[in-house]
Amino acid sequence: RAKQDGRGAYRFFEPEMDLRLRERRAMQAEMRDALPRGEFCLHYQPQAETATGVVSGFEALLRWESPKRGSVQPSEFVPLAEENGLIVELGEFVLRTACAEAVTWANPLTVAVNLSPVQFEHGDLPALVRQVLAETGLDPKRLELEITEGVLIHDFARALKVLEEIKALGVCIAMDDFGTGYSSLAYLQAFPFDRIKIDRSFVASLDGNRQSEAIIRAIVGLGRGLNVPITAEGVETEEQHAFLAALDCTDIQGFLIGKPEPIGNFRALVGLKKAAQKVA
Ligand code: C2E
Ligand code: MG
Ligand code: MG
Ligand code: MG
């Protein structure tokens, strides 16, 4: 890549683009050291049953607390980590940390972990999941792996095979950000997902918007037909909650239930196992 940048033919960047590219490279270099330095951590966002509001699980969301940059958002650093492959190591950290955390909970709630398409292309993902489950002793049923359409776009046959191997371990597979991709329906037909998560853009635009209402109603109906639970993401208001409850959308996730926070803030919800209490 450096070679390419040096070649005259490729020097069509505007000066500010050149600066942005250098900024990206600098951030990528910092991220490599950030992992061993312990600057990455997980926040957990509660997911609840729509009808009762009872919390049924948490989604683990990666955070980078950079001493130099402050809190860096995943939307900024995940694409960079995917570009240089660091996401493979980071993803392993996320999976291991989330499973080790969940196993300490007295309340056997589920824990959801996001997987990057890059993790499917590099390394042996089923072996990693099997190893982490064995290491931590987490019941596979409590682990939910969230994938986006990006996983299935590149090498569809290979991705399917990997997903099937992971599912065979007893782990749940969720389709994240549903409705935003190009061929979401084809993917639902090709793989028996255990959960569908409605992208939060549809929920955010609800507010009396007939299109969004119709789309959400259709996705919830699809879930019912397929017998697959549906989680609506990004639920922020009581009005959105009421709309989803009237449709019998199974679960909700969003600021209304709780923002992603360090797990310590949810201690009352997850509890602490006796054995874990001793070491803590
Ligand atoms: P996602 O998997 O769809 O995660 C949900 C995102 O929506 C989170 O953003 C969460 O904070 C945000 N969110 C949840 N409820 C609300 C709400 O009510 N209102 C609003 N405005 N936002 C809400 P976050 O943590 O910034 O993560 C963004 C994306 O970064 C994630 O989207 C996921 O695609 C990616 N990501 C996060 N952690 C990881 C990770 O460990 N591995 C990988 N590969 N990707 C990750
Ligand atoms: Mg997700
Ligand atoms: Mg999502
Ligand atoms: Mg997303």
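Only a predicted model underlies this, so the values are computations on that prediction, with no experimental measurement involved. (Residues numbered from 1 in each chain as written. Chains lettered and ligands numbered in written order. Predicted model: local features only at pLDDT ≥ 70, side-chain atom pairs only at ≥ 80, totals over all residues. Heavy atoms only, no water.)

Novice: Quick question: what am I supposed to make of the coordination of the magnesium ion (ligand 2) here?
Specialist: For a metal with four tetrahedral donors the ideal donor-metal-donor angle is 109.5 degrees, whereas six octahedral donors ideally subtend 90 or 180 degrees. Here the magnesium ion (ligand 2) is held by the protein donor atoms Glu 59 (OE), Asn 114 (OD1), Glu 146 (OE) and Asp 176 (OD), which lie 2.0 to 2.2 Å from it. All donors to the magnesium ion (ligand 2) come from one chain, and their sequence spacing reads E-x54-N-x31-E-x29-D. A separation of 4.2 Å is found between the magnesium ion (ligand 2) and the magnesium ion (ligand 3), which are bridged by Asp 176. With Glu 59 in strand β2 (residues 55-66) and Glu 146 in strand β5 (residues 143-147), this pair connects stretches of sequence that are 87 residues apart. (Donors = N, O, S within 2.8 Å, 3.2 Å for Na, K, Ca; no water. Helix = DSSP H or I, 4+ residues; strand = E, 2+ residues; numbered from the N terminus.)

Novice: What is the right way to read the site of ligand 1 from this model?
Specialist: If you check the shell around ligand 1, you find 22 residues, and the closest are Arg 63, Asn 114, Asp 176, Glu 236 and Phe 255. Burial of ligand 1 by the protein chains amounts to 84% of its free accessible area of 800 Å². Taken together, the elements giving at least two residues each to the shell around ligand 1 come down to β2 and β6 (172-178). Here the shell around ligand 1 takes four residues from β2, the largest share from any one element. (Near = heavy atom within 4 Å. Areas by Shrake-Rupley, 256 points an atom, 1.4 Å probe, with all protein chains shown as cover.)

Novice: When you look at the side chain of Thr 231 in this model, what are you seeing that I'm missing?
Specialist: Its place among the elements puts Thr 231 in strand β8 (residues 230-232). Excluding residues within four positions of it along the chain, Thr 231 makes contact with Arg 195, Ile 196, Lys 197, Ile 198, Asp 251, Ile 252 and Gln 253. (Contact = heavy atoms within 4.5 Å.)

Novice: Help me out: how do you make sense of the pairing of β5 in this one?
Specialist: On a regular strand, one side chain projects to one face of the sheet and the next to the other, so that they alternate. Counting buried positions along β5 gives five out of five residues, so the element sits mostly inside the fold. A two-sided burial pattern is seen for β5, the buried positions comprising Leu 143, Leu 145 and Ile 147 on one face and Glu 144 and Glu 146 on the other. Here β5 runs beside β6; their pairing, made up of four bridges, is parallel. Each residue of the ladder has a partner; that of Leu 145, found in β6, is Ile 173. (Buried < 20%, exposed > 50% of the residue type's maximum accessible area, 1.4 Å probe, protein only. Pairing = 2+ DSSP bridges.)

Novice: I would appreciate a short explanation of the packing of aromatic side chains in the present structure.
Specialist: Given two aromatic rings, their pairing is described by the distance between the two centres and the angle made by the two planes. The full count for this structure, using the stated rule, is eight aromatic pairs. Here Phe 58 and Trp 105 contribute two aromatic rings whose centre-to-centre distance is 5.6 Å and whose plane-to-plane angle is 65 degrees, an arrangement assigned as edge-to-face. Of this pair, Phe 58 sits in strand β2 while Trp 105 sits in the loop between α4 (86-102) and β4 (110-114); the two residues are 47 residues apart in sequence, bridging distant segments of the chain. Each member of the pair, Phe 58 together with Trp 105, is buried. A connected cluster of aromatic rings, assembled from ring pairs, spans Tyr 44, Phe 58, Trp 105 and Phe 266. (Phe/Tyr/Trp six-rings, centres within 6.5 Å; stacked < 30°, edge-to-face > 60°.)

Novice: I keep staring at the side chain of His 241 and nothing clicks. Help me out?
Specialist: Mapped onto the secondary structure, His 241 falls in helix α12 (residues 238-246). Owing to a relative accessible area of 16%, His 241 belongs among the buried residues under this scheme. At a separation of 2.8 Å, a polar atom in the side chain of His 241 contacts the main-chain carbonyl oxygen of Thr 50. Non-local contacts of His 241, meaning those with residues more than four positions away in its chain, are made with Thr 50, Val 235, Ile 252 and Leu 256. (Polar contact = N/O pair within 3.5 Å; in protein donor to acceptor, adjacent residues only side chain to side chain.)

Novice: Explanation requested: the nonpolar core in the structure shown.
Specialist: Inside soluble globular proteins, nonpolar side chains tend to come together where they are buried. By size, the foremost hydrophobic cluster in this structure holds 76 residues, and its most contacted members are Leu 143, Leu 145 and Ile 216. Take this core: its biggest share by element is eight residues, from α4. The contact partners of Ile 216, leaving out residues within four places of it in the chain, are Ile 198, Phe 202, Val 203, Leu 206, Phe 243, Leu 244 and Leu 247. (Core = buried A, V, L, I, M, F, W, Y, C linked by side-chain atoms within 4.5 Å.)

Novice: Mind showing me how you'd approach the packing of helix α3 (residues 74-84) against α4 here?
Specialist: Helix packing geometry: the angle between the two helix axes and the distance between the axes. Contact pair α3 / α4: the axes reach a minimum separation of 5 Å and the direction vectors enclose 120 degrees. Accordingly, the angle class assigned to the pair α3 and α4 is oblique. Here Val 78, Ala 81, Glu 82 and Asn 84 of α3 lie close against α4, whose contacting residues are Leu 86, Ile 87 and Leu 90. Tallied by class, the residues present in the contact of α3 with α4 amount to five nonpolar, one polar and one charged. (Axes fitted to C-alpha atoms, helices over the stretch in contact; angles between N-to-C directions. Parallel < 35°, antiparallel > 145°, perpendicular 65-115°, else oblique. Nonpolar A, V, L, I, M, F, W, Y, C, P; charged D, E, K, R; others polar.)

Novice: For this particular structure, what's the right way to read the pattern of salt bridges?
Specialist: A side chain with one charge can pair with a side chain of the opposite charge if their charged atoms come near. This structure, assessed with the given rule, holds 17 salt bridges. For the salt bridge of Arg 37 with Glu 39, the shortest nitrogen-to-oxygen distance reads 3.6 Å. Of the residues examined, Arg 37 reaches a relative accessible area of 59% and is grouped as exposed. A relative accessible area of 9% places Glu 39 in the buried class. We note a salt bridge from Asp 139 to Lys 141, for which the minimum N-O separation is 3.4 Å. A residue is classified by how much of its surface remains accessible, and Asp 139, at 31% relative accessible area, is partly exposed. (Salt bridge = Lys/Arg side-chain N within 4 Å of Asp/Glu carboxyl O.)

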